[in-house]
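One-letter residues, chain by chain:
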Amino acid sequence: MAARITAALSVVLLLSFCSTATAGITGHLLVGNDQTNATIWQVDETGMSAATARVTTNAVTWGMAFDPLSDTLYWNNGGSLFKAAYTPSGLLTPMLIGTLNIGGSNTNVTGMAFNETTNKLYGYRSISAPGFYEINPANASMTAVFLTPSGSDFGGFDYDPVTNSFYGLNDGTALSGRGLYKMGADISNPSFSLLTPYPGGETDIDGLAVGSNGKAYMVNDVPSQGIYVFDLGSSTYDPTLASPFTGNGIFASATWIPEPATMCLLLGGLFGLRRRHR
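Reading guide: rules and limits
The numbers attached to residues start from 1 for each chain and follow its sequence in the written order. With the structure being a predicted model, the display of local features is reserved for residues of pLDDT at least 70 and the display and counting of side-chain atom pairs for 80 or more, all residues being used for whole-chain, interface and lining totals. Heavy atoms throughout the structure, all of them, feed into the side-chain values; hydrogens and water do not. Strands are runs of DSSP state E lasting at least two residues, helices are runs of H or I lasting at least four, and both sets are numbered from the N terminus onward. Burial classes: relative accessible area under 20% of the type maximum marks a residue as buried, over 50% as exposed, and values in between as partly exposed (1.4 Å probe, protein chains only). Here a residue-residue contact requires only that any non-hydrogen atoms of the pair lie within 4.5 Å. Where accessible areas are quoted, they stem from the Shrake-Rupley method and a 1.4 Å probe; at the residue level, only the protein chains shown are allowed to cover. Here, any two strands with at least 2 DSSP bridges between them count as paired. Think of a salt bridge as a Lys or Arg side-chain nitrogen and an Asp or Glu carboxyl oxygen that are within 4 Å of each other. Only the stretch in contact is used when a helix axis is fitted, and all axes are lines through C-alpha atoms; the angle between N-to-C directions ranges over 0 to 180 degrees. Each Phe, Tyr or Trp ring, with Trp reduced to its six-membered ring, pairs with another whose centre is within 6.5 Å; inter-plane angles below 30 degrees give stacked pairs, above 60 give edge-to-face pairs, and intermediate values give tilted ones.

J.: Give me the lowdown on the overall build of the protein, citing residues and values where you can.
T.: Helices and strands together make up the secondary structure of the protein, namely two helices and 22 strands. Across the 278 residues that make up the protein, the buried fraction comes to 49%. Sequence separation of at least 24 residues holds for 49% of the intrachain contacts in the protein that already meet a minimum separation of 6. Counting only carbon and sulfur atoms, one obtains 55% of the accessible surface of the protein, whose full area is about 12300 Å².

J.: Report on the pairing of strand S2 (residues 40–43), specifying residues and quantitative values.
T.: Here S2 shows two buried faces, one formed by Ile-40 and Gln-42 and the other by Trp-41 and Val-43. Pairing of strand S1 (residues 27–33) with S2 involves three bridges; the strand directions are antiparallel. Counted as the bridge partner of Val-31 is Trp-41 from S2. Where S1 folds back on S2, the antiparallel hairpin that results is connected by six residues, among which Asn-37 adopts a positive phi of roughly 55°.

J.: Could you give an account of the pattern of salt bridges, with specific residues and numbers?
T.: Counted according to the given criterion, the structure contains three salt bridges. The salt bridge partner of Lys-215 is Asp-231, with a shortest N-O separation of 3.0 Å. With a gap of 16 residues between them, Lys-215 in strand S19 (residues 215–219) and Asp-231 in strand S20 (residues 227–231) connect regions that are remote in the sequence. In this structure, Lys-215 and Asp-238 form a salt bridge, with 2.7 Å as the shortest nitrogen-oxygen distance. With Lys-215 in strand S19 and Asp-238 in strand S21 (residues 236–241), this pair connects stretches of sequence that are 23 residues apart. Connected through salt bridges with shared partners, the residues Lys-215, Asp-231 and Asp-238 form a single ionic network.

J.: I'd love a proper account of the sheet that holds strand S4 (residues 63–67), names of residues and values included.
T.: Within the open sheet, the four strands sit side by side as S4-S5-S6-S7. Their pairing is antiparallel. Looking at which strands have only one partner, the edges of the open sheet turn out to be S4 and strand S7 (95–99). Direction aside, the axes of adjacent strands within the sheet are offset by 20° on average. In this sheet, strand S5 (residues 72–77) lies alongside S4 in antiparallel orientation, the contact comprising five bridges. Bridge pairing links Met-64 to Trp-75 in S5.

J.: Pulling in residues and values, what's your account of the environment of Tyr-122?
T.: Within the fold, Tyr-122 resides in strand S11 (residues 120–125). Along the sequence, Tyr-122 and Tyr-159 sit 37 residues apart, while their C-alpha atoms lie 9.5 Å from each other. Not counting the four nearest positions on each side in its chain, Tyr-122 is found in contact with Gly-111, Met-112, Ala-113, Asn-115, Tyr-133, Glu-134, Ile-135, Val-145, Phe-157, Phe-166 and Ile-187.

J.: Residues and numbers for the sheet that holds strand S12 (residues 131–135), please.
T.: With respect to topology, four strands assemble into an open sheet ordered S10-S11-S12-S13, the strand pairing being antiparallel. Looking along the sheet, the strands with just one partner apiece sit at the ends: strand S10 (111–115) and strand S13 (142–147). Within the sheet, the average angular offset between the axes of one strand and its neighbour, ignoring direction, is 30°. For S10 and S11, the ladder comprises five bridges, and the chain directions are antiparallel. Bridge pairing links Asn-115 to Lys-120 in S11.

J.: Which residues make up unusual backbone geometry, and what are the values?
T.: Phi at Ala-140 is positive, roughly 70°, even though this residue is not glycine. Along the chain, Ala-140 turns up in the loop between S12 and S13. Using a relative accessible area of 0% as the deciding quantity, one classes Ala-140 as buried. Positive phi, close to 60°, is recorded for Leu-175, a residue that is not glycine. Locating Leu-175 in the fold gives a position in the loop between strand S15 (165–170) and strand S16 (179–184). When its relative accessible area of 40% is taken as the criterion, Leu-175 is described as partly exposed.

J.: Talk me through the packing of aromatic side chains; I want residue IDs and the actual numbers.
T.: In this structure the tally under the stated criterion is 15 aromatic pairs. Residues Phe-157 and Phe-166 carry aromatic rings whose centres are separated by 5.6 Å and whose planes lie at 15° to one another, so their mutual orientation is stacked. Residue classification places Phe-157 among the buried residues on the basis of a relative accessible area of 2%. Chaining the aromatic ring pairs together yields one cluster made of Tyr-122, Tyr-124, Phe-132, Phe-146, Phe-154, Phe-157, Tyr-159, Phe-166, Tyr-181 and Phe-192.

J.: An account of the pairing of strand S18 (residues 207–210) is needed here, citing residue identities and associated values.
T.: Where burial is concerned, the two faces of S18 agree: the one with Gly-207 and Ala-209 and the one with Leu-208 and Val-210 are both buried. Two elements, S18 and S19, share four bridges in a ladder whose sense is antiparallel. Note that in S19 the partner of Leu-208 across the bridge is Met-218. Hairpin connection from S18 to S19: four residues lie between these consecutive antiparallel strands, with Gly-214 at a positive phi of about 80°.

Keep in mind these numbers describe shape, not what the thing actually does.
Shown next, in the form of structure tokens:
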């Protein structure tokens, strides 16, 4: 009886959440880099409106990820891991979680992804045992889950709940060369499938966000290069979006913020799966 009451309450909360959803909008793109006086920007993925500043203090980013289950934005500046409670508008307030570390030894990551299916935060480390690491969001400690092949470099890194897969941007010449890869749901045993080479002879793209609209956004750290948009359904590139950055960087980051309507569908699917497994 208690389980049925809990399930009924879950349905009521889900319906209430869905009733506030914004129709016709699937989400928003957030981007950042490590330029001087950095800002984390919300970019209009249609290219119709100017970018909006969302974080203006402690806003240098090497990697970035969003947890839609708790509405928490994560990012790192080198070894410093930050978070902010996400709101749909206005400036977000950064909070320092701590220093990224492996067994107490300070470290860093160049890309981040959050898997809402498993409720886990991950990062990619490019030097000294390069690979994918699970990050404890409570204390910034890291644990290796997969060491990537020599000659690969997946600084751009994201998870897409729609396809239940991780994606990565490989700046290295290993595997099938530079480009966007689909890596499957299990990041501890990834399957590296090249979806597209980089466009226009690019060799270094640092930020990646895969949207619930079926598009992968490849974010350069230099504003003149823009933001490449790859349609996962048609396997073609859309027109390049203008970058909001005002200065050059070495690193760039991106993440996708799903709208309530999209999260409603995803949460409904997860709820259905859990009901079938009872």
